[in-house]
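Structure at a glance
What follows is the residue order along each chain.
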Amino acid sequence: MLPAERRRRILDVLDREGTARVTDLADELNVSEMTVRRDLDALQDDEALHKVHGGAVARHNRGEEPRSAAKAVRETAEKRAIAACAADLVEDGMTVAVSAGTTTLEVARLLRDRAGLTVVTNSIPIFAELSDPDAAHRRDRPQVVLTGGTRTPSDALVGPVADASLASFRVDVTLLGVHGLDVDAGLTTPNMAEAATNRRLIDIGRTLVVVADHTKFSEVGANVIAPLDRTDTLVVDDGLSEPARIVLGRRIRDVRIAAVPR
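What this report covers is the structure whose coordinates are included nearby. This is a predicted model, so every value here is computed, not measured.

1. Focus: the pattern of salt bridges
For the coordinates displayed, the defined rule picks out 15 salt bridges. In this structure, Arg114 engages Asp92 in a salt bridge whose closest nitrogen and oxygen atoms are separated by 2.9 Å. You can see Arg114 sitting in the loop between helix H6 (102–110) and strand S5 (118–121) and its partner Asp92 sitting in the loop between helix H5 (76–87) and strand S4 (95–98), a full 22 residues away along the chain. Taking the shortest distance from any N to any O, the salt bridge between Arg112 and Glu129 comes out at 2.5 Å.

As structure tokens, this is what we get:
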């Protein structure tokens, strides 16, 4: 098993149980306790968990924001399935705003060869993905604009500079990734400045498409981006329970379920 897969499974255990012992993880993953400890060290460095004596506990504080590296190893198949579904909503020639996030990054990877696109983003990885100088020969690669701003742990550029930059655009569709998706709290994030910049991304778009894997349902960050019914289309994976689909369908007029290859 690759380290990334082991670490994803460790985070799954913490999501489910809240705590995990080194000995139990070693048995479940069929590896040595030393290997588990190295994985816990790496995940703590990425601010994905808290190490404690003999194991680890989940980081569920609403004001804590995990780094992109920690989020990138989680629900990868789900994010790719969601991205494929969301990319179909983008037509050639559109102007698109794309927020920071590991799911939106997967969408961006599917937009690299789309004809006539203009992409506005506050995401450093998305800008790098779409403006790769090695791809300069590709005739149809998108024109991409990166805002300025202050960098967050999720590699978003936020704050007054980012907000002022976004205010000068109007786009056909905004693709938004979120930390949390809750019926009462709405769309949320742990970062106050990122919430404000995401509201700017929503404001400049004619249509809002939210991309979120099933683990984001009922997660609540400290800062509200927008009410749930501000969303025009939600793209989520088929790991979302049937009761949750019904509840979300009452608040969002277009809920699309992406099938994850098994």
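2. Considering the pairing of S4
Across four bridges, S4 lies against S5 in parallel orientation. If you follow Val98 over to S5, its bridge partner there is Thr121. Each parallel crossover has a hand, and the one from S4 via H6 to S5 is right-handed. As paired strands, S4 and strand S9 (residues 171–177) are joined by three bridges and run parallel to one another. Across the sheet, residue Val98 finds its bridge partner in S9, namely Leu175.

3. With respect to the sheet that holds strand S3 (residues 55–58)
Consider a sheet: its strands pair through backbone hydrogen bonds, and that pairing is either parallel or antiparallel. In space, the three strands of this open sheet follow the order S1-S3-S2, with antiparallel pairing throughout. A single partner strand is all that each edge strand has here, and the edge strands are strand S1 (19–21) and strand S2 (49–52). Between one strand and the next, the sheet's axes are offset by a mean angle of 20°, whatever the strand orientation. Seen against the sheet, helix H1 (residues 3–17) touches S1, S2 and S3 and runs at an angle of roughly 125° to S1. Most of the contacts of helix H2 (residues 22–29) go to S1, to which it runs at about 80°, and overall it touches S1 and S3.

4. Re the side chain of Asp254
Inspection of the secondary structure puts Asp254 in strand S15 (residues 254–258). Side chain to side chain, Asp254 and Thr233 meet in a polar contact 3.0 Å long. The contacts of Asp254, once residues within four sequence positions are left out, are Asp232, Thr233 and Leu234.

Criteria and thresholds
Residues numbered from 1 in each chain as written. Predicted model: local features only at pLDDT ≥ 70, side-chain atom pairs only at ≥ 80, totals over all residues. Heavy atoms only, no water. Salt bridge = Lys/Arg side-chain N within 4 Å of Asp/Glu carboxyl O. Helix = DSSP H or I, 4+ residues; strand = E, 2+ residues; numbered from the N terminus. Pairing = 2+ DSSP bridges. Right-handed = clockwise from strand over helix to strand, strands pointing away. Axes fitted to C-alpha atoms, helices over the stretch in contact; angles between N-to-C directions. Contact = heavy atoms within 4.5 Å. Polar contact = N/O pair within 3.5 Å; in protein donor to acceptor, adjacent residues only side chain to side chain.

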